[in-house]
Amino acid sequence: AGTTMAALAGDAVAAYLAKHRVEELVNDAVNEAVLANSTDPIAHIARALACAAGIELGGAAAPSCATGEDRMTALADVAEGTASPVKLRAARRSSPDELRLVDELTFDEARMAEILLTAGQQHVFADWNVDIEDAAQKRAFFESALALDHSYPGGLRAYLASGKQLLAASRLGQNPLDGWAPSPPDEGVLLQPGTLEFDELELLGVAELHAVGFVIPAGGMGERLGYSGVKFGLPAEMSTGACVLEVYAQYILAFERRASGNGKGAVAIPLALMVSHDTRAGIETLLRENEYFGLKPEQVTLLLQEKVACFADADGRLAMRDRYTLVTKPHGHGDVHFLLHQSGLAQRWLSAGLKYICFFQDTNTLYLATFLATLGASEKHALDMNSVCVPRKAKEAIGALAKLTHTDGRTLLASVEYNQLEPLLRASGKGGDVNDAVTGYSPFPGNINKLLFKLPTYVAALDYSKGELPEFVNPKYQSGSEGEPLSALKSPARLECMMQDFAYPLQTRVKGSKVGYTQVPQELGYFPIKNDVTTAAELSARGIPAMSASTAEAAIYHAYGSMLRVLGCKVEQSVERMYSGVRVEDGPHVVLTPSFCSSMSELRTKMKTPADVQISQRSTLIVDGANVTFSSLNLDGALVIKVAPCAFLHIESLEMQNKGWDFTPLLHAEMGSRSTSEVDRMRGYRVSRHEELRILLTEPGKWSVVNNQLVRERPAE
């Protein structure tokens with residue numbers, strides 16, 4: 001116990017020191033002492049560290065904190081070459097007055113000014129008012145710059161250096177993967193729902209559920225999609241109205257029940273959400289107003305992502321919104337790794353006994369429908385990293401998983417962006433990305449950003465990398481004169497990083513790590529909400545997946561219908577419909593909530609005689625409740641079943657035909673009307689509930705539906 005407490009204390013101290021950047025502050029204090037030619041460097045360093053902590057040291061032996069003028073004079077000495085630079089690079093400036101800074105700088109503000117000046121960013125201060133005018137705006141500038149410095153591995157100095165390097169490479173048209181040749185990955189685990197192997201993998205996954213944590217980059221606001229709230233608040237489908245975050249919480253609660261029933265006692269599966277300043281309030285409100293959707297508040301952690309600075313041109317000059325405000329944008333979902341390291345959360349999860357950590361993105365609720373089999377595959381094949389993929393058509397606009405071989409002999413399994421794959425294949429003399437003649441799909445499966453790591457390996461790689469990932473920049477250049485190098489940008493550009501690229505530090509830093517992939521069927525794969533209805537209609541007209549609210553909803557119904565078909569149920573196929581220009585495969589609207597079945601093997605136990613279950617194309621079936629089973633059902637209409645945990649229901653024989661529900665297309669005037677709800681406009685239709693049969697059981701007891709009659713079983717005498 002003492003050893004465990006010591007380890008936990010050590011973790012806490014390490015996390016605290018990392019959070020407060022003690023090592024960097026000490027280095028800066030030493031630099032300042034040297035620059036000042038201090039006769040008592042120890043006292044000088046102590047004073048500098050105290051100033052950083054907001055403490056004024058008293059006594060004759062410890063003079064008060066240096067003023068901003070002292071610090072800027074020291075920086076000027078470095079610039080003029082009259083002091084010995086230790087870690088500071090020269091900045092071209094003639095006098096401290098040129099900065100037009102506030103009257104006195106704090107230690108951190110002076111350090112930030114030095115970073116910007118020595119990195120060639122003098123233009124940032126060029127339009128500042130003189131003396132102490134606009135003091136509040138100047139303080140706000142430094143506050144924002146310090147936040148950027150704190151939220152990036154290596155700080156703002158490292159970000160500016162990386163930016164200039166990547167912009168220079170982009171300007172020359174260099175591919176960041178030059179030197180690497182792609183080839184199809186070795187065969188992964190191909191999941192086939194309904195097979196014995198699939199059920200066995202799910203059972204292996206159930207045994208590990210007690211040791212899993214989930215991490216979701218929460219994405220941004222839904223404004224681009226035509227939705228005013230956070231994307232987590234979007235309805236996953238309109239039949240139940242459950243929002244995306246609610247569905248994820250339902251799965252976690254269902255997994256907890258499965259784990260607890262597996263002899264592990266009470267289980268609370270932790271969930272971490274990466275939020276931004278834009279989404280934090282909305283997500284907090286969504287959780288609070290819905291009582292965390294049944295989760296305990298203490299098992300949910302919010303990780304706050306800061307933005308990064310943007311560049312105004314190809315020379316790496318920072319873009320300014322106004323004289324005191326830097327232009328900033330999101331750095332990408334790859335920041336989640338840095339935040340897990342910076343916060344110490346990954347290490348705490350490991351210390352608490354967790355074995356796996358699963359990452360996925362924000363609007364594809366089908367991720368968890370195959371999670372147990374994916375977890376089982378990782379356990380069976382001892383995978384340190386397991387990327388979940390789907391079959392992919394050649395040249396399809398989705399990242400491709402590939403085996404990369406470098407000219408020096410190194411090999412990696414990693415995701416390659418679709419616009420990089422084709423040039424790399426051609427450069428390596430392997431032709432282009434073409435579909436296989438037998439399967440009809442590319443030999444490079446599509447990465448859907450569902451990543452499962454073995455936590456000890458992940459934390460080891462995280463400790464080495466500090467959460468730092470390969471970055472890229474995607475500048476949009478203005479047309480220049482012929483023969484002139486590209487320089488001016490159409491809009492500010494920033495560095496970005498992607499969550500899936502943790503494959504690079506893991507394989508390079510942790511020798512012998514085993515990396516593989518699991519491929520799920522297309523219908524259980526990747527159907528996010530990425531596009532507004534107008535963009536979706538344009539893509540649909542070109543035969544490109546629309547990835548809209550309507551197609552994502554249709555995919556959910558189709559997935560559940562497919563699961564029932566695999567078991568032998570007679571579920572009619574979908575028909576193509578058009579909603580506001582978007583082609584949608586409209587079939588039976590089947591929603592099997594996670595409380596009813598969180599996996600294929602669990603669904604098998606609920607359908608006693610699948611061949612006697614029939615659902616017509618126009619039907620709606622919603623089943624919510626752990627204790628519901630079916631023998632015979634013939635449905636042509638709408639049926640809603642909700643059973644409380646204290647009740648049991650068996651559908652012995654039910655034949656139901658009613659007017660049901662349908663999706664009514666919105667007229668053009670309705671699409672532009674404010675009286676039409678946002679979630680309906682996003683889809684191009686509304687749900688018209690004409691008639692349904694509802695079976696709602698809230699009292700304890702056992703119930704059956706026999707020949708269309710609800711019967712309560714009498715308790716034993």
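Described in the following lines is the structure provided in the data block.

The rules behind the values
Residues numbered from 1 in each chain as written. Predicted model: local features only at pLDDT ≥ 70, side-chain atom pairs only at ≥ 80, totals over all residues. Heavy atoms only, no water. Helix = DSSP H or I, 4+ residues; strand = E, 2+ residues; numbered from the N terminus. Buried < 20%, exposed > 50% of the residue type's maximum accessible area, 1.4 Å probe, protein only. Contact = heavy atoms within 4.5 Å. Areas by Shrake-Rupley, 256 points an atom, 1.4 Å probe, with all protein chains shown as cover. Phe/Tyr/Trp six-rings, centres within 6.5 Å; stacked < 30°, edge-to-face > 60°. Lys, Arg positive; Asp, Glu negative; His and termini not counted. Salt bridge = Lys/Arg side-chain N within 4 Å of Asp/Glu carboxyl O. Polar contact = N/O pair within 3.5 Å; in protein donor to acceptor, adjacent residues only side chain to side chain. Pairing = 2+ DSSP bridges. Axes fitted to C-alpha atoms, helices over the stretch in contact; angles between N-to-C directions. Patch = residues over 30% accessible without salt bridge, like charges linked within 9 Å, V, L, I, M, F, W, Y side chains within 5 Å.

Examining the overall build of the chain
When helices and strands are tallied, the chain shows 21 helices and 35 strands. Relative to its full complement of 717 residues, the chain shows a buried share of 52%. Counted over contacts in the chain with a minimum sequence separation of 6, partners at least 24 positions apart contribute 70%. Surface summary for the chain: the accessible area is close to 31,700 Å², and the carbon and sulfur share equals 52%.

Comments concerning the packing of aromatic side chains
Centre-to-centre distance and the angle between the planes together describe a pair of aromatic rings. This structure, assessed with the given rule, holds 26 aromatic pairs. Look at F125 and F141: their rings are 6.0 Å apart centre to centre, the planes differ by 70°, and that puts the pair in the edge-to-face class. With a gap of 16 residues between them, F125 in the loop between α5 (107-118) and α6 (135-150) and F141 in helix α6 connect regions that are remote in the sequence. Aromatic side chains F453 and Y458 sit 5.2 Å apart centroid to centroid with 50° between the ring planes, which places their arrangement in the tilted category. The pair formed by F453 and Y458 is uniform in burial state, with each residue classed as buried.

Here's the deal with the side chain of E202
Residue position: E202 is located in helix α8 (residues 196-208). Although E202 is buried, it makes no salt bridge; R258 carries the closest opposite charge, 5.8 Å away. In this structure the side chain of E202 is engaged in a polar contact, spanning 3.1 Å, whose partner is the backbone nitrogen of M600. Contact partners of E202, with chain neighbours within four places excluded, come to L372, A373, S599, M600 and S601.

Here's the deal with the pattern of salt bridges
Scanning the entire structure with this criterion turns up 24 salt bridges. In this structure, E109 and R139 form a salt bridge, with 2.3 Å as the shortest nitrogen-oxygen distance. Within this pair, whereas E109 is found in helix α5, its partner R139 is found in helix α6, the two being separated by 30 residues in sequence. Assessed through its relative accessible area of 34%, R139 is described here as partly exposed. Here D408 and R410 are joined by a salt bridge, their closest N and O atoms 2.8 Å apart. A single salt-bridge network, built from bridges that share partners, covers D108, R111 and D149.

Some points on the sheet that holds strand β27 (residues 633-636)
Strand pairing in a sheet relies on backbone hydrogen bonds. The paired strands run either parallel or antiparallel. Here we have four strands laid out as an open sheet, ordered β20-β24-β27-β30, and parallel in their pairing. Unpaired on one side and paired on the other, β20 (570-571) and β30 (654-657) mark the two borders of the sheet.

Concerning the pairing of strand β3 (residues 212-217)
Most of β3 is tucked away, with six of its six residues classed as buried. The alternating pattern of β3 places V212, F214 and I216 on one face and G213, V215 and P217 on the opposite face, and all of these are buried. In this sheet, strand β11 (residues 356-359) lies alongside β3 in parallel orientation, the contact comprising four bridges. Paired with F214 across the two strands is C358, which belongs to β11. Sheet analysis places β3 next to strand β4 (residues 271-276), joined by four bridges and oriented parallel. Across the sheet, I216 pairs through a bridge with L273, a residue of β4.

Let's talk about the sheet that holds strand β28 (residues 638-643)
Spatially, the four strands line up as an open sheet ordered β23-β25-β28-β33, and their pairing is parallel. What marks the edges here is a single partner per strand, and that holds for β23 (589-592) and β33 (693-697). On average, each strand axis in the sheet is inclined to that of its neighbour by 5°, with strand direction left out of account. Direction of pairing for β23 relative to strand β25 (residues 620-624): parallel, over a ladder of four bridges. Following the sheet pairing, L592 is matched in β25 by V623.

Points about a nonpolar patch on the surface
A contiguous nonpolar surface patch, about 230 Å² in accessible area, is contributed by V22, V26, V30 and L49. Here the nonpolar patch takes three residues from helix α2 (residues 22-35), the largest share from any one element. Looking at where V30 falls in the secondary structure, it is placed in helix α2.

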